[in-house]
Amino acid sequence: MEALYEVEVTTGSMTHAGTFDNIFITLIGIHGESERTKLDSYGRDFKTGMKVKYKVTTRFTLGNLLLIRLEKDHFMFLPENDWFCSLVKVRTPEKDVIHFPCYRWMAEGERIELREAKVVRFSFTKDMDSAFNSSTALGEIKMKNLVKRPDQWAQMEDMKSAFWSSRTTISEYVQLHWMDDEFFGYQFLNGPNPMMLRRCSELPLNFAVNDDMVQPFLGSGASLTLEMKQGNIFLCDYKRLADLPTQVINGKQQYVTAPLCLLYKNQMGKLLPIAIQLQQQASEDNPVFLPSDCEYDWQLAKLYVRNADCLEHQASFYLRTHLLAETFTVSLLRNLPAAHPIHKLLIPHTRYTLQINTLIRNRLLGPVGAVAQVLHFFPHYFLVYTITCKSLSLQNTSIGDEGMTDLMKKVLSDLTYSSLCLLEDISDRGLESVPNFFYRDDGLQLWGHINGFVRSMVEFYYQSDGDVQRDTELQDWIKEIFIHGFLEQSCTGIPQCFSTVEEVIKFITMMIFTVSAQHSALRAGLFDYGSWFPNAPGSLKRLPPTSKGSLDKNTLLDTLPDMNTSIYLVSVFWLLSKPSSDLVSLGQYPEDYFFQTAPQKMIKDHQAELSFLSESIKDRNTGLQVPYTYMCPDMISNSVSI
């Protein structure tokens, strides 16, 4: 029996989105497919911003629609022009309305197959691999029996037993050395959050430290002023945590501080903490803690710093990688047609990004509803996200979702182009000569290799600055990133347009580095360093000390989060650290987008360089007590895919 399908096609509203060319559609269902049907309403069908309805008739009902196929052919003697298809809606004979979002350009002779918008699909392997929920994680790390226990840990030995089955080589080291001053300092360089440390040439006015306090830790004849001049003093300032709201967990008030932590690079090249002030404003009830203080005072001061670092890391990780990657990806799909060389260059670096972000929002960021829909379809990602942040992990932190929302707003306000470009970021923070800084060393080599590869590709397609300036699609891409990703804030330094080939090379290098190497550096070590949760406590339940000498051996247990809170946080660390079983590592391009000899050779050369770097990093790691693997190219995903 003949069946009638009503099809509505929406053309994009951006400049030159329309086309004179012929567009064909094929509907594909579980019972078969329609004939290839020309979409023609006997007029100019595909003008910019237009919605036009068509009828497609089939000899029988197709059953549940699986996908639709769009094809574009040149129309007579008119010049060929690309078409931007926003959305196709199909009303079935059964009166169901099915949405097929496209939001991409089509060139002559191109074929696009679209799935319906109910779900965002991974590959089969990824689907089976991504049971992205805490229950799965708790089962994997064998902690389900503790998740319902809102009790305080009775002794440190209980924690060791609970986490025994989920240990890694590094987590075992962390468990043994997490309170050692040397390892405490090392984590600011090579732990999951190497973004907070910076050289200190002048003490903040609100930091009540003086020469007399710290001179005993600097060596004979040294002074704080001299060591600052020589570049040996460093500071981690968690001022963004000041005045954040906190929450109640298991009926107990949680607390957070905004510490300042001063560190000294000694003659052996070790980075050691020498002073900690837990709150921003200096006062009598806000003492400066020192390594010479009572053991319990110094331990607790460092614990509050580790809590602050954990919270800062969560905010920075989501903003600097996942949400930036989503901004880059959506603008790419909206503005650069599939035939564009920059689209071909970057599309492998967007693999699974929209899917994983959707999954995180659905599973970790609260209930499905208006918020989720806005995040999925509205491009102001940063603004919306920071206003609506709700997460399973956040519900088990000191500051909760409300506090994290405020924190992410602060992090966003400090985000600059310079901070996203590794060499500039390292220079701005004064960390060029710090020894044993493997995040910097491996990262700069990766940046150099990515930059060289991008340069060769971009210069192949853009012979002059004029070529860049005349490429309206490329200009639309960066303009939309500036507007929707960085809220038109020129103070960020993000380009609003491209004037030179060099500007394009730098920005694309930053994008690829961000979604691959930077994402790996901030993600892959989460479980290694956080599975022993006293080292990365997302929540603390004891008011920070206002004096010295009143603490004892039980104070640490009284301060650490309860059993269930600890376990939930560790399960999130496990989920985020878990490597994908279908990893496509940095520089690998399974799909062939380039068929010219020169680009193919550039890709092979790039792969060879990355392979050599991987072996070099592995050789170095054999001599390290704590190996740094998070920027080894063959362990880095090409995209934000987990």
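The structure this text deals with has already been given above.
> Explanation requested: the overall build of the chain in the structure shown.
The helix and strand tally for the chain stands at 23 helices and 16 strands. Put simply, 74% of the contacts in the chain that link residues at least 6 apart link residues at least 24 apart.

> What's the story with empty space enclosed by the protein in this structure? I'm lost.
Picture a little ball the size of a water molecule; that probe, rolled over the atoms, points out where space is still empty. Taken as a whole and assessed by the stated rule, the structure comprises 6 cavities of 30 Å³ or more. If you add up the space inside the largest cavity, you get close to 110 Å³. Lining the largest cavity are Pro 192, Asn 193, Arg 306, Asp 309, Cys 310, His 313, Leu 526, Tyr 529, Gly 530, Asn 535, Ala 536 and Phe 573. Sort the elements by how many residues they give to the lining of the largest cavity and helix H8 (residues 295-335) lands first, with 4 residues. Across the lining of the largest cavity, the residue classes break down as 6 nonpolar, 4 polar and 2 charged.

> What is the right way to read the sheet that holds strand S15 (residues 271-277) from this model?
Working definition: the strands of a sheet are paired by backbone hydrogen bonds and lie parallel or antiparallel to each other. With respect to topology, 5 strands assemble into an open sheet ordered S10-S11-S14-S15-S16, the strand pairing being antiparallel. At either end of the open sheet lies a strand with only one pairing partner, and these are strand S10 (198-199) and strand S16 (288-289). Sheet topology places S15 next to S16; 2 bridges connect them, and they run antiparallel. Among the inter-strand pairings, Ile 276 is bridged to a residue of S16, identified as Phe 289. Where helix H5 (residues 181-190) meets the sheet, it contacts strand S11 (233-237), strand S14 (260-265) and S15, and its direction lies at approximately 95 degrees from that of S15. Along the sheet, H8 makes contact with S14, S15 and S16, crossing S15 at roughly 90 degrees.

> Hey, could you run me through the environment of Phe 498 in this one?
For Phe 498, the location among the structural elements is in the loop between helix H18 (472-485) and helix H19 (501-523). In the structure, Phe 498 is positioned 30 residues away from Val 468 in sequence and 6.8 Å away in space, judged by C-alpha atoms. In this structure, Phe 498 is in contact with Val 468, Gln 469, Leu 474, Gln 475, Trp 477, Ile 478, Glu 503, Val 504 and Phe 507, ignoring residues within four places of it in sequence.

> Explanation requested: the environment of Asp 212 in the structure shown.
Looking at the element boundaries, Asp 212 is found in helix H6 (residues 211-214). Residue class for Asp 212 comes out exposed when judged on its relative accessible area of 68%. Distance in space between the C-alpha atoms of Asp 212 and Ser 223 is 8.5 Å, their sequence separation being 11 residues.

> Just checking my understanding: could you explain the sheet that holds strand S5 (residues 51-58) for this structure?
Strand order in the open sheet made by the 4 strands is S5-S1-S7-S8, with antiparallel pairing throughout. Only two strands of the sheet have a single partner each, and these edge strands are S5 and strand S8 (97-106). Taken over all neighbouring pairs, the strand axes of this sheet differ in orientation by 20 degrees on average, direction set aside. Here 8 bridges tie strand S1 (residues 3-11) to S5, and the two strands are oriented antiparallel to one another. Within S5, the position partnered with Glu 8 by the bridge is Lys 53. Contacting strand S7 (83-91) and S8, H8 crosses the sheet at an angle of about 80 degrees to S8.

> I'm lost on the packing of aromatic side chains in this one. Help?
Centre distance and the angle of the planes are the two values used to describe a pair of aromatic rings. Using the criterion set out here, one finds 21 aromatic pairs in the structure. Where Tyr 417 meets Phe 507, the ring centres are 6.0 Å apart and the plane angle is 50 degrees; that geometry is what we call tilted. Of this pair, Tyr 417 sits in helix H14 (residues 417-420) while Phe 507 sits in helix H19; the two residues are 90 residues apart in sequence, bridging distant segments of the chain. By relative accessible area, Tyr 417 is classed as buried at 8%. Clustering of aromatic rings is evident, with ring pairs tying together Phe 328, Tyr 417, Trp 477, Phe 498 and Phe 507. Lys 506 extends its terminal NZ or CZ atom over the ring of Tyr 417, reaching a point 4.8 Å from the ring centre.

Rules of the game
Residues numbered from 1 in each chain as written. Predicted model: local features only at pLDDT ≥ 70, side-chain atom pairs only at ≥ 80, totals over all residues. Heavy atoms only, no water. Helix = DSSP H or I, 4+ residues; strand = E, 2+ residues; numbered from the N terminus. Contact = heavy atoms within 4.5 Å. 1 Å grid on protein atoms, 1.4 Å probe; cavity = no way out; pocket = protein on both sides within 12 Å on 5 of 7 lines; lining within 4 Å. Points joined across faces, edges and corners; volume = space filled by probe spheres on them. Nonpolar A, V, L, I, M, F, W, Y, C, P; charged D, E, K, R; others polar. Pairing = 2+ DSSP bridges. Axes fitted to C-alpha atoms, helices over the stretch in contact; angles between N-to-C directions. Buried < 20%, exposed > 50% of the residue type's maximum accessible area, 1.4 Å probe, protein only. Phe/Tyr/Trp six-rings, centres within 6.5 Å; stacked < 30°, edge-to-face > 60°. Lys NZ or Arg CZ within 6 Å of the ring centre and 35° of its normal.

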